[in-house]
Every structure is written in structure tokens, then in C-alpha cells.
Amino acid sequence: MKTVYIIDDDKVIRDGLVKHVRWQELGFEIVETAKDGLEALHKIEHNPPDVVITDIYMPNMTGLELTKKLYDQFPSIQIIIQSGYDHFENAREAIQYGVKHFFLKPAPIQEIENVLIEIKQKIESEEKQRKLLASYENQRTEYLIYTKDALIRDMLTKRYKKGAIPTEKLKLLHISPLQKVIVSTLTVIRPAYLTKAHERDWQLMKFSVQNIITELIETDKRTNKVDLHVVDYSDSTFVLVVFENEYKDCLEKLCEELANELMSTLLFYLKVSVIIGIGRVKQGIHEMIDSYLESQRALEAAEYQEVNKVFTLSEVETYGSSPVYSYPFEMITSIQSAIQQKDTELVYSIWMKFTEEIKSEQSIPLLIVQNVCVTILNALMFDAQLREQWHSKDLSKLIGTVYAHRTIHQLTEWMNLHIEEWIQQVKEELTGRKSYKLIVGVKGYVHEYYDQEITLAEIAESLYVNRNYLSQLFKKVTGETFVNYLNHFRIEKAKDYLRQKKYMVYEVSEMVGYQNPTYFSQVFKSMTGVSPSEYH
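These lines cover the structure that appears in this document, whether it is placed above or below.

Reading guide: rules and limits
Each chain has its residues counted from 1, following the order in which its sequence is written. Owing to the predicted nature of the model, reporting of local features is limited to residues with pLDDT of at least 70; listing and counting of side-chain atom pairs is limited to 80 or more, with chain, interface and lining totals taken over all residues. Calculation of side-chain values draws on the structure's entire complement of heavy atoms; hydrogens and water are dropped beforehand. Here a Phe, Tyr or Trp ring, Trp counted by its six-membered ring, pairs with any other such ring whose centre lies within 6.5 Å, and the pair is stacked when the planes are under 30 degrees apart, edge-to-face when over 60, and tilted otherwise. Burial classes: relative accessible area under 20% of the type maximum marks a residue as buried, over 50% as exposed, and values in between as partly exposed (1.4 Å probe, protein chains only). Runs of H or I in DSSP of at least four residues are treated as helices and runs of E of at least two as strands, each being numbered from the N terminus. Any two strands between which DSSP finds at least two bridges are classified as paired. Grid points spaced at 1 Å and placed over the protein atoms alone form the basis of the search, with a cavity being a set where a 1.4 Å probe fits but cannot get out and a pocket an open set showing protein on both sides within 12 Å along at least five of seven lines. Lining residues have an atom within 4 Å of a point. Grid points are joined across faces, edges and corners, and a volume is the space filled by probe spheres set on the points. Think of it as three bins: nonpolar holds Ala, Val, Leu, Ile, Met, Phe, Trp, Tyr, Cys and Pro, charged holds Asp, Glu, Lys and Arg, and polar takes everything else, Gly as well. Directions drawn from the helix axis to the C-beta atoms are what define this arc. Between the first and last residue of a helix there are one fewer steps than residues, each counted as 1.5 Å, and that sum is the expected span. The contact rule is simple, with two residues in contact once any of their heavy atoms fall within 4.5 Å. Nonpolar core, defined: a set of buried Ala, Val, Leu, Ile, Met, Phe, Trp, Tyr and Cys residues in which side-chain atoms within 4.5 Å join the residues together.

### Description of the packing of aromatic side chains
- For the structure shown, the criterion picks out 13 aromatic pairs.
- Relative to Phe520, the ring of Tyr514 has its centre 5.6 Å away and its plane inclined at 40 degrees; by these criteria the two rings are tilted. Summarising the burial analysis for this pair, Tyr514 and Phe520 share the class buried.
- By way of ring pairs, the aromatic residues Tyr514, Tyr519, Phe520, Phe524 and Tyr535 are connected into one cluster.

Take a look at the structure:
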């Protein structure tokens, strides 16, 4: 209900408006009346209404004086002026203060109600616009946070050439391509008492760690001059990416100071140990991945030194560390593609080749192997979701297990089991009951929508499976391609229509899903040996 104040020095007028207008039916409620502008102003200041109906000539404060004050203090209040005097000067002055509705006493009730309906629509329209604007701002903020997080995650795992990142996206996120950037990696050491049986407690602790990181960023004055983004990277790892904005001092020193403060805070409040590695400052965000890998090298050194200490790459290199290993991006890309294509032999071949390289290179960092395994698990789980398999597996638990392994041999043996399990499931699908259901689903879709433009991609989407996998499965089970099956089905339908001798060839073409009659005739002749016009 919209609230209304009635202000008039004539009690008969006030009571008449209250009594004769259909306030409730119109969606209004009279909350106050007043005999002059001064009394009304005091009440309005404590409880502003949606609508004010006021006379002009009143003692203590006139309606125009009240209107001016309301215009300054409460511009959203809709004002209706009623007066027993038809003075143009009064109307002109009221218009300056946003008044759009005037009545001459006594005004017909219908006229008053029509104006109230119009005002209510205006108020509701403005409320809707404000809600839409607020919703848009909230969604835009969430979208920008999500987009920035996705972009940073991408740049942490993929090497971009200088200038290759879309400038529109960078502008949207207020990031300059030549901005200096530095990356730190923080790994939380899972306490021995938090075994797998205490997974909920571990997740609560990790959540608390993230809250402390966020609070430090928001309250530390030094972070006001940089753009600091936190990525919840894995079950025990956070990545902190710092972009230089107004901060012109040493970024590496800033990161080291923040890391030490963060480490001591976590140890004091949560009694949890961490190790932190810091990369070098890079001259452009396209080099973010290099700073990240350097932080990983520093973190790797920390594993062989001590916990609750911050390691910079410069410090690591002073006492010697393992050589720089290039991250196996090509191997990762190849195995992800093979998983998507359901090429089980290629997946196994790539993985075995990688494990052989690990064996031959004795000093390869454990952390690199762990990150490779996490990436592969992500690809396997995504494929499993499309196939509704592995529904009982928890990715966060699997990732936690990856980082819990302390030797490369144990980790690769464990990873072998999961890859072999996925391979077995894919093979079973190609010959199992679910495959039959998928083929039935494809054929049912064709039977229902053959007269429309359909593609295997949209069918795959409706069945929640990968398009390439469905294409491979369809050919293996039916012995023909999807396109061939679709054409045969449509041509059989076309034969039925042509036998009725009721339709023109172009009509039949459209009725069976071919928008091009010439192409329809070509397909028809290739399958029947005669053109549609010759068919009996």
C-alpha cells in the first residue's frame, strides 16, 4: 500500500477526502492528516509518505512553502496541490518544485482517483527501475569478479603472447596489459590429526584461512595502492596475484611483508602451518605464468627446508635449487583433447610417456607432477559429469589426496588407477546399456524433430553428453553416421508424402526438414535412384 498525507486547514475538506475516495481499492492508505504545512512537515520528517495532497493557502506555512521544503528534503514524494483559487502564478511556482497534478476545489472524486492511479503507476515504475538497477549492479559486480577470477586462473596455466589477451576484457576488469605483476603461492599444511574422516573439519579450517587472507587484504593500508586477487587454487593452496597500480615501491618486498604477516596470523589464530613461495615481479600480465612457476620453485624449496617460512625465488637461488623445468603444457593439452574425444588408447599412451619421462628425470619437482595430476583429474571429472559417472567421487577430496602424496612414485601409481578406471568405464559405455539408451535417445529426437533443422551437437546437449563422443558411439553401434541416418529417415518420410500425390516437391522438401529443394532432390535421387518428381 502507498501511504498518503492530507493537508488542509479546512477539516470538512480533509474528512471529505478521507471518506469519499476509494483509497484501499486503489492501493493507498491515509496515514496522517494536518491542518497546515508546519504541522505536516514535522510529521513528514519522522515518517515520509509516498504521496502528499495539500492546500495552498494555510496558516503558519503555506502549501507552496511546504512543497519547496519537500522538494529539497524528500524529492521522491509525489505532491498533489488542491486549491480554491485558480492562480496561475501558484501553479507555475509549484511546477518548479516538481508538482505535476493540481485540483480546483471541489474536485470530482473520479478525477482525484484517476490522478492517484497515475501516480501509483509512476511510483511502482520507479521502484521497479531502482530494483532492476540494483540487481544489475549486483550482477555486474559478481560477473566482473567471476570474469577476473577466470581470466587469472587461465593466465596461471596458459602462456599468452604479449598483446594476445583481449583488450576489451582487460578494460572491463581495469587491468593494463603492461601492468607489473607478482605471484605468491601459499600452501596450508594439513594437520596430521585431520585425516580423511575429518574432511568437514579440514574444509572449515581452509575456509577460515581464506577469511583471514581476505580480511588482511581489506584492512592493510598497503593493499589500497595495489590490486590484489586471491585464487582458491586447490584443496590446500591459495595463489595471491598482485597487480601494481599506484604502488611504486618494491612489489616483491610488499609481497614478502604481507606473506610474513599472513603466516604469523594464521599460526597464531588457527595454529595451522603454511609455506609461502614468492616469484619475481614481471613487466606485463602476459608473464604472470612465469611469476607463478617461480613461486612454485620457491615453494618446492620450502618443502625441503622448513615450514612457516616465506621463500622468495632470489633466496632459493642463493643456496642453489633444482634447474628450471618447463611446465608440460603440450602434454596437458594433448591428454585433455584425448579425454574429450574418448580416445582411451591415446590417453594411456600420453600418460605412460609422461611417467617414463618422470623416471628418467630423477630430480623433477613433485609439485609439478602434482599440478599435472590435478589438471588431468579435472578433465576426467568433467567428462565423467557429462556421462553421469564417478558421481560418488568428490573432486576436492581427490585433489587433497594428490597433494598429500609425498613421493612421485606413489602419486603416479595412484593416478594410474584413476586413469585405468576411467578407461574401463569408457569402454563399458561403448558396449553397455547406457550406450543403447543414448542411441535410442538420438533416434527418438530425429523421429520427433526430423522436419526441423537439427544437429548432433544440439542432440548431444539435450542428452548431456559430448558431441564427438556421441558421434563415435552412434557410428559404432548403428554402423552408420548420424547424418546418413537422418537423411535416410527423412527420405523415407518424403516417400510417404510423395505417394499421397497431394504436395509439390518443394513442399515435401520443407515438410521433411530440407530448406533447399535442390539439395533435397539430390539426396533423394542418391538414395532412391530417381528424382522426387519421378517417384511413384
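### Focus: the pairing of strand β5 (residues 101–104)
- Residues His101 and Phe103 of β5 are buried on one face, while the alternating residues Phe102 and Leu104, pointing to the opposite face, are not.
- Across four bridges, the pairing between strand β4 (residues 78–83) and β5 is parallel. Bridging across to β5, Ile81 finds its partner in Phe102.

### Section: the layout of surface pockets
- The volume enclosed by the largest pocket comes to roughly 830 Å³.
- At the level of elements, α6 (109–157), α8 (199–219), α10 (288–303), α12 (329–340), α14 (366–386) and α15 (395–404) are the ones that each hand at least two residues to the lining of the largest pocket.
- Of all the elements, α14 adds the most residues to the lining of the largest pocket, at eight residues.
- The residue inventory of the lining of the largest pocket, partitioned by class, reads 15 nonpolar, 10 polar and seven charged.

### Looking at helix α4 (residues 63–73)
- Listing the buried residues of α4 in full gives Gly63, Leu64, Leu66, Thr67 and Leu70. Looking down the long axis of α4, one finds its buried residues gathered within 155 degrees of arc, a one-sided arrangement.

### Looking at α8
- Taking 1.5 Å per residue, 21 residues should reach 30 Å; α8 reaches 30 Å between its end C-alpha atoms and fits that length.
- Turning to α8, its buried residues are Glu199, Trp202, Met205, Lys206, Val209, Ile212, Ile213, Leu216 and Ile217. The buried residues of α8 occupy one face: seen down the axis, they fall within an arc of 140 degrees. For α8, the exposed residues lying more than 90 degrees away from the buried face are Arg200, Phe207, Glu215, Glu218 and Thr219.
- Considering only its buried residues, α8 is in contact with β6 (180–188), β7 (226–232), β8 (237–244), α9 (251–270) and α15.

### Notes on the environment of Phe482
- Considering the arrangement of structural elements, one finds Phe482 in helix α20 (residues 482–499).
- For Phe482, a relative accessible area of 8% puts it in the buried group.
- In this structure, the C-alpha to C-alpha distance between Phe482 and Ser349, residues 133 residues apart in sequence, is 29 Å.
- Setting aside anything within four residues of it in sequence, one finds Phe482 in contact with Val442, Val446, Thr455, Leu456, Ile459 and Phe474.

### So, the nonpolar core
- Ranked by size, the top nonpolar core spans 58 residues in total, and within it Leu156, Val241, Met288, Met331, Trp351, Ile376 and Met415 carry the most contacts.
- Considering each element in turn, this core owes the most residues, 12 residues, to α14.
- Residues in contact with Met331, not counting those within four places in the same chain, are Ile350, Trp351, Phe354, Val372 and Ile376.
- One finds Val465, Leu498, Val512 and Tyr535 within the second-largest nonpolar core, a separate group that totals 30 residues.

### Quick look at empty space enclosed by the protein
- Here the structure, examined in full by the defined rule, presents two cavities of 30 Å³ or more.
- Its boundaries defined by the atoms lining it, the largest cavity holds a volume of some 140 Å³.
- Looking at the lining of the largest cavity, the elements that each hand over two or more residues are β6, α8, β8 and α9.
- Here the lining of the largest cavity gets four residues from one element, more than from any other, and that element is α9.
- Broken down by class, the residue content of the lining of the largest cavity amounts to 12 nonpolar, two polar and no charged.
- When its volume is computed, the second largest cavity comes out at roughly 40 Å³.
- Lining the second largest cavity, in full, are Thr185, Thr187, Tyr233, Thr237, Tyr292, Gln296, Leu299, Leu367, Asn371 and Tyr403.
- Of all the secondary structure elements, the ones that give two or more residues to the lining of the second largest cavity are β6, α10 and α14.
- In terms of residues, the lining of the second largest cavity owes the most to one element, α10, which gives three residues.
- Grouping the amino acids of the lining of the second largest cavity by side-chain chemistry returns five nonpolar, five polar and no charged.

Any functional reading would require information that these geometric values do not contain.
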